Every structure is written in C-alpha cells, then in structure tokens.
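Residue-level structure breakdown
Listed below are the residues making up each chain.
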Amino acid sequence: MPGTKGKKKEKEMDNKQQNESKQASAKKAGDSIKSTAKWMKSGLKDANISSPIKSVGLKLFFIIIVSIVACVLTVGLIAYSQAKNLVEKNVSEASFQTVNQVTNNLDIVFQTYADLTLQMLIDKELQTELKVLSTTNDSYDVLQSSRTVSDRMSTYIMGNTTITGAAIISTDEEDGVVTAGNNNGYRGDTLTKTDWFKQTIEQDGRLVWVEPSGTGIIASKSPNSIALARVIKAASRPYVLVMEVNLDAIVKRYQDVQLGEGSTLAVVNGAGQYVANEDLSVLGQPHIVTLPTEGEKAKFGREKMTTVEDASVLAAYQTSEITGWRFVATIPVEKLVEQASVIRNLTWLMVGLATLIAIAIGVLVVRTIANPLVKLRNLMVEGARGNLTVRSTIKKRQDEIGQLADSFNDMMTQITNLALQTTHSAAEVLQTASELTDASKKTAIAAKEIAVATDEIANGATSLAVEAERGSDLTNHMNAQMKDVISANEQMSQSATEVDQASQQGTSYMGQLIQKTGLTEEMTRSMVEKVDALKDSTGSIVKILDVLNNLTKQTNILSLNATIEAARAGAAGKGFMVVADEIRKLADQSKQSIDIVGQITAKIQGEIEETVKVLSEAYPIFQEQITSVKEANQIFLTVQAQMGHFVEKLELATTSIGQLDESQSVLSEAMTNVSAVAEESSATSEEVASLSTEQLSISDGLVRLSEKLDSVSRGLKESLSKFKVQE
C-alpha cells in the first residue's frame, strides 16, 4: 500500500518518543529513591544492622513508596485502557454505520446498471434485430441489423458517462460481436472462452457481475473497469449482453468518505480479493485483512483484526445485496488511541509525583519511628551485655514510642532489683548445698551396707525357690505323661474292641462271599453249556442256508430255461418271459438275502467261539477266587481269637495305670505346696533387696543433686557478678 512505510516510520518515532519519556520519568524517580536510600543508610549507620534492608524504617519506607506508586499506576493504566476501549467501540460503531450507508449508495448505482440491462433485455426492436441476426445469412441484412442493434445500445448508454461500452456476443464463435461505445476489437471466439462468459451462460438470464481483468473486458485494455452481463433469449440461439463500467466512477462514490488518518476503503469479492480501490495496482490481490467466509459474520460485521503486516486495525464491512461484493473499511487502532495516550502520559507524570510524595512520607516515618526504635534497640543490646544502668532519654513524647521508652526504663529498674536479690539468695543456696552434700554422703554409705546384706538373703531364697520350682515342674511333667498314658491306653482298648467287631463282621462277609462265589461258579458253568448249545444251533443254521442257496441256484436255472422257451415261442411267450424274468429277480434277491444271513450267522458263530473261550479262561479264576476267599476267612477267625486275648491284657494294664495316677497326684500336690512357700520367701527377700537398692539409688541421687546444686549456686554467683548494677 502507498504510504505504508512512511506511516510505519512515523509510528516507530512516536513509540520512541514515548519510551524516552517513560525512561526519563523512571530515571528521575530512581535517582530520588537512590538518594533517599543513601540518606537513610547513613542515618542508620550506628544501628549495627547486618543488612540495612532488614531495618523496620527501610521496610516502612519501601512499603509506602510501592503502595502509593502501585495505586496511582493501576488507576492510570485502568483509565487509559477504558478510554482506549471506549474510543475503539465508538469509532467501530460509527465506521460500521458509514460502511452501511456507502454500501447502500453503491447498491443504488449497481441497481441502476442492472435496470439498464433489463431495459435492453425487454426492448422489442432489439429482440427483433437479434432474431434477424440469428436467422439470416445475407451479409447486407446482418450489417443492417448489427448497426440497428448498436444504435439501440448506444441510445441506452450515451446518457450515462460512467458506462465505457456495451456489447452483444453470440454463443456461436463464428458470429461477430455487436458493440456500442468504445471498442477494442475483441473477437467473439475470444470472449466466448472467458470464465465470466461461461458463468453468464450457466446463470441462464440472471445477472452476472464481472470483476476487473488485467487485459480489460470489452471496451478497454486497462484493468480499471467492471462489467455486468446477462443472457438474452430472443432468437434460436442465446446472446450475451455485456455492459462495461468505469471503475473510477465506483471509487468516486466513496472517495470523499473519511474515517480517520490511515484508514482504507475498498470493495472485495467473496474470496477477499480487491475489486475496487484507489490504488489500481492491488486489484485482484488479497485484501490486507482476512474477512470471515462462513456464517452471519461473512455478510456484515465490525471486528478487530490484524493485517498482513501485523498491524492492528478495526475492520467494518457490509455485503452488497446486488453484486455480492463486500465494502470494507479499515482504521488503524494506533491512530484511534492517540488521544487516549494523553491519559497514559499523565499517568506516568502522576507516578513520578506520587514517588516524590511517598519519599517525603517515608523520610518522615523514618525520622519519627525508625530512629527512636534504633536507639531503644541499642540500649537493649547494651543491657543484654550486662550493663543494667542504661536508661532511655526519650521523655517528651506521649505516643507509643514514648510509652515504649518509659516501659524500657521501668523494666531495667525491675531487672536491676531482681539481680541484687538473686545475688543474695545465691549465696544462701550455696551454703545450704554444702551442708546437704555432707549429709547425703553419710546416708549413701549406710544404704550400701544394708543393700549388701539384703542381697545375700535374697540370693538364698531365690535358690530355694528355683529348686522347688524345678521339682514342681518335674512332678507336673510326670502327671502330664501319666495322663497321656491313660489316654493312649483307653484309645488302645477302644481300638481293640473295634478291631474285634470288624473281624467278626469280616468273617460274616467272607461267608457270604464264599456263598456268592459258588453261585457265580455254577452260573459260569451253565453259561458255558448254553453257549455250546448255541454254537450247535448256528451250525444247523449254516446247513439250512446251504440248502436255500442251492434252491436259489436251481430256481435261477429254471427261470433261465423258461426265458429261452418263451423266446422260442415268440409273441405268445412274451407274458411267460416276463414271469420268468420276475422269478429270476426273486431268485437273485433270495440269494443276496441268504448271503447276508450267512455273513451274520458266521459273525455270531465267531463271537460265540470267543465267548466260549473267555468263559473257559474265567472258570479256573473263579475256582482260585473261592480258594483265596476261604483262606481269608480262616485268617479273620485267627485275628478274632488273638484280639480277645489282647483286650484282656489291656484291662489289666488299665487297672495298674489308674493306681499309678493316684500316687502321682498326691506327689504333685506336695511339690506344689513346697514351691509356693519357696516363692513367697524369695519374693519377700527380693522386695527387701529392691527397697535397699532403691534407697541406695536415692542416696546416690541426693549426693549428685547436692553437688549439682553447689555447682549451680557457684555458677549463678559468677553470672550475677557480670551485671553492672551501680554507676
């Protein structure tokens, strides 16, 4: 854009001046703070502070400065921000209203051009001549009709100087172009290949607006023109009416509109490319801001946007209802808020003034609060070093500082009196501690002798108790073993009884098993005999099947002979031949059935032989089983007799164990009594020994406390001697 570099340079110079003003104000405030800080540091030189920043005065000084400056700066910046936002909002609204008015004015102009093309579209004379052009092949008629059409178009466009030319183009590329106004000599085959011409044909009578072209449209080769086109259906083939308008006439419609310094006005298409602008070199290029393409915001709106050069602008735009193009106005935000910068500069000025006021207040606070506090602190340090004669000289002040000084003097007086009284008491305590130490040492010697004698008595009682306890433990262990023996004996008796019952039951079961085994042997023998009989029966069946097989062979031979005889008899023997054939088929079926029965019989016979074989092998096993069962029965009878004798022996053992248990109970009770007496004696001895030991410990502790009291008393006397209680 022309002038963009100059505006950018001017903006940089303004920013530079503002930054220099800020730096000067900040430097001035910084110098004031530095000089004040040096003064305060020199005033606090005698305070013996390791770090001056830890001083209460400096803290109050900086808190006051920061609070006042922060409040002033916050209020100023908020006012500047609100003023800037208010200016942006008002200018945005006013710009949007202006854009709406300009868009409406342009729509009126565009509608005038559209109405003019509509008048041409319904002109009867024009339609008549176009019909002649589309139907005649006579050169003279074509020339006359073309001249008439050109004159009619000139009649319409001559009254409007903004129209540079018009043309009617046939869809047939061989036909010429009828023009009015300026003519650049375009041929019909050239114009019919343009995009706008194809789009006009597709719209089928609806108006199409043609954007500027680098090579012109129909009347000139300069890009500063637009056109509107529509289809005329007046003959056997359609024609396209094109009217070219000078772009300067459109630009002059809004050229006088002024939205502010650095503002731009332009007409852009749906893709955001320039259609009309004062600078013709940017036509067809993208606009400096990217406008929305979807939703309600694509039609109209006012937004804060960023240009391709990263400049912040207010953009207001409105879509034309006639052309579909958008009229866009942009205003640099920086220019809008230049007036608000006065508030910003005033804010920085007030910050500097507030800094000076805060410094004055800080100096006053340091003199009235920090310095007296430093003096009191130095007096306290002197008192902490042992000088109890120091007193504050602040007498005339009636505020908290004066009260603090009076309280300090009272405190030092009380501490001095307390130190004198403590020194006197420490001397008395030291004398008492010496006497207590001597008495404690004598008591400790007597307690040691008593403790030695008590320990010897306790050791003897303890040994007796240990031996008694050991005997009691052995007796209890024997008692527990006797109970285990009795329990084991009872379990053995019960187990022997159960074994006797089980042997009797086993003998009964073995008798039943012998009986059932004999029955099984007889059933096996009977089964062998029946299987043998079944084997003989299957042999008889095989013989019968052989006879039947021979009969089927004879029947087959007879049927064959009957067939031969029937064939000899000719037609008279055909019926007999059918019967013979059926007999032959029955004989074949009988043979097949006999073969199947023979196979089944042979299979049964084989299985019978296997069964006989298995039964023959099983029979000796059954005989051996009978023998084993009889032997097991004899074993059960022997076990039953032996268990009877064992039960009798267990009853005798049970009686003896019962008597032994009674004797063990008497012994256990006696050992328990002995152990209880020994334990009581040992406990008494230990209690006496414990008391003796405790007394010895107390005596030793008393000696230590006496010695410690003597040491503390001496240390207290030495510490009190460090305090200066008199001038």
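Residues numbered from 1 in each chain as written. Predicted model: local features only at pLDDT ≥ 70, side-chain atom pairs only at ≥ 80, totals over all residues. Heavy atoms only, no water.

1. Some words on empty space enclosed by the protein
Applicable threshold: As defined here, a cavity is a set of points on a 1 Å grid over the protein atoms alone where a 1.4 Å probe fits but cannot get out. A pocket is an open set with protein on both sides within 12 Å along at least five of seven lines, and residues line them when an atom is within 4 Å of a point. Grid points are joined across faces, edges and corners, and a volume is the space filled by probe spheres set on the points. For the purposes of this entry, the term helix denotes a DSSP run of H or I that reaches at least four residues, the term strand denotes a run of E that reaches at least two, and both are numbered from the N terminus.
Using the criterion set out here, one finds three cavities of 30 Å³ or more in the structure. Approximately 50 Å³ is the volume attributed to the largest cavity. If you trace the largest cavity, you find it lined by T103, L106, D107, F110, V267, S320, T323, W325, R326 and F327. Contributions of two or more residues to the lining of the largest cavity are made by α2 (56-122) and β10 (326-332).

2. Comments concerning the confidence of the model for the protein chain
We count it as follows: One confidence number per residue, pLDDT, is output by the predictor and ranges from 0 to 100. What makes two residues a contact is simply this: any of their non-hydrogen atoms within 4.5 Å.
Looking at the protein chain, pLDDT values average 75 and 79% of them are 70 or higher. Of all the helices and strands in the protein chain, helix α1 (residues 4-43) carries the lowest mean pLDDT, 50, while strand β3 (residues 208-210) carries the highest, 91. Within the model, the stretch residues 1-8 combines pLDDT values under 50 with eight contacts to residues more than four positions away or in other chains. This stretch, residues 39-47, has a pLDDT under 50; its non-local contacts, to residues over four places away or in other chains, come to 17 contacts.

3. Quick notes on the packing of aromatic side chains
What counts is decided by this rule: We call Phe, Tyr and Trp rings a pair once their centres come within 6.5 Å, taking the six-membered ring for Trp, and we label the pair stacked below 30 degrees between planes, edge-to-face above 60, and tilted otherwise. Each residue is assigned to one of three classes by its accessible area relative to the maximum for its type, calculated with a 1.4 Å probe on protein chains only: buried under 20%, partly exposed between the two thresholds, exposed over 50%. We count a charge as sitting over a ring when the NZ of a lysine or the CZ of an arginine lies within 6 Å of the ring centre and within 35 degrees of the ring normal.
What the rule picks out here adds up to six aromatic pairs. Ring plane angle 90 degrees and centroid distance 6.2 Å describe the contact between F110 and W325, whose orientation is recorded as edge-to-face. With a gap of 215 residues between them, F110 in helix α2 and W325 in the loop between β9 (312-319) and β10 connect regions that are remote in the sequence. W325 shares its class with F110; the two are buried. The ring of F96 has R302 sitting right over it, with the charged end atom 4.9 Å from the ring centre.

4. Some words on the layout of surface pockets
Stated precisely, the cut-off is as follows: When residue character is reported, Ala, Val, Leu, Ile, Met, Phe, Trp, Tyr, Cys and Pro are called nonpolar, Asp, Glu, Lys and Arg charged, and the others, Gly included, polar.
Put simply, the second largest pocket is a space of about 410 Å³. Elements represented by at least two residues in the lining of the second largest pocket include exactly α5 (188-191), α6 (195-203) and β3. Among the residues forming the lining of the second largest pocket, the class breakdown is nine nonpolar, eight polar and two charged.

5. Looking at the pairing of strand β6 (residues 264-268)
The condition that has to hold: Strands are treated as partners if at least two bridges between them are detected by DSSP.
Counted residue by residue, β6 has five buried out of five residues, so it is predominantly covered. Judged by which residues are buried, β6 turns out to be covered on both faces: T264, A266 and V268 on one side and L265 and V267 on the other are all buried. Two strands pair when backbone bridges link them, and β6 and β10 are joined in this way by five bridges, in the antiparallel orientation. Along β10, the bridge assignment pairs T264 with T330. For β6 and strand β7 (residues 274-276), the ladder comprises two bridges, and the chain directions are antiparallel. Paired with V268 across the bridge in β7 is Y274.

6. Considering unusual backbone geometry
Backbone geometry at D204 places phi at a positive 55 degrees, although glycine is not the residue there. Inspection of the secondary structure assignment puts D204 in the loop between α6 and β3. Assessed through its relative accessible area of 44%, D204 is described here as partly exposed.

7. With respect to helix α3 (residues 124-135)
Stated formally: Under the convention used throughout, the expected extent of a helix is 1.5 Å for every residue step, that is, one less than its residue count. Nitrogen and oxygen atoms within 3.5 Å of one another constitute a polar contact, given that in protein one can donate a hydrogen and the other can accept it, and given that sequence-neighbouring residues count only through two side-chain atoms.
For α3, with 12 residues, the first-to-last C-alpha span of 17 Å sits near the 16 Å given by 1.5 Å per residue. The opening residue of α3, the one whose side-chain oxygen lies 3.0 Å from the backbone nitrogen of E125, is D123.

8. Some details on a nonpolar patch on the surface
Here is the rule: Candidates for patches are residues over 30% relative accessible area with no salt bridge; among them, like charges are joined within 9 Å and nonpolar side chains (Val, Leu, Ile, Met, Phe, Trp, Tyr) within 5 Å. Each accessible area is a Shrake-Rupley result for a 1.4 Å probe, and residues are judged covered by the shown protein chains and nothing else. Salt-bridge detection follows one rule: a side-chain nitrogen of Lys or Arg within 4 Å of a carboxyl oxygen of Asp or Glu.
Taken together, the side chains of L346, L349, M350, L353, L356, I357 and I361 define a hydrophobic patch exposed on the protein surface, amounting to about 630 Å² of accessible area. Relative to the helices and strands, I357 is located in helix α9 (residues 341-384). Classification of I357 by relative accessible area gives partly exposed; the value is 45%.

9. Some remarks on the pairing of β9
Taking burial as the measure, the eight residues of β9 include six buried ones, the bulk of the element. Note that strand β8 (residues 300-306) and β9 share seven bridges and pair antiparallel. The residue of β9 that forms the bridge with G301 is Y317. Hairpin geometry of β8 and β9 is characterised by an intervening segment of five residues between the two adjacent antiparallel strands and by a positive phi of about 65 degrees at D310. Relative to β10, β9 is paired through seven bridges, and the arrangement is antiparallel. Counterpart to Q318 in the pairing with β10 is F327. Two successive antiparallel strands, β9 and β10, enclose a turn made up of six residues, where G324 displays a positive phi of approximately 85 degrees.

10. Here we look at the environment of I250
Checked against the element boundaries, I250 lands in helix α7 (residues 247-252). Sequence spacing of I250 and S225 is 25 residues, and the spatial spacing of their C-alpha atoms is 9.3 Å. For I250, the contacting residues outside a window of four places in its chain are L106, V109, F110, Y113 and I226.

11. What to know about the pattern of salt bridges
Throughout the structure, instances matching the rule amount to five salt bridges. With its nearest N and O atoms 3.7 Å apart, the salt bridge here joins K297 to E303. Each of D123, E125 and R152 takes part in salt bridges that share partners, so that together they form one network.

12. Quick word on helix α4 (residues 139-157)
Here α4 is 19 residues long and its end C-alpha atoms lie 27 Å apart, about the 27 Å a rise of 1.5 Å per residue gives. Listed in full, the buried residues belonging to α4 are S145, V149, S150, M153, S154, Y156 and I157. By the N-cap criterion, in which a side-chain oxygen at the helix start approaches the backbone nitrogen of a residue two or three places on, α4 is capped by D138, the distance to Y140 being 3.1 Å.

13. So, the side chain of E129
Our working rule: Charged residues are defined narrowly, with Lys and Arg counted positive, Asp and Glu counted negative, and His plus the chain ends left uncounted.
On the secondary structure map, E129 appears in helix α3. Notably, E129 is buried but unbridged: the nearest opposite-charge side chain belongs to R152, and the N-O separation is 9.0 Å. What E129 contacts, discounting residues up to four positions off in sequence, is S145, T148 and V149.

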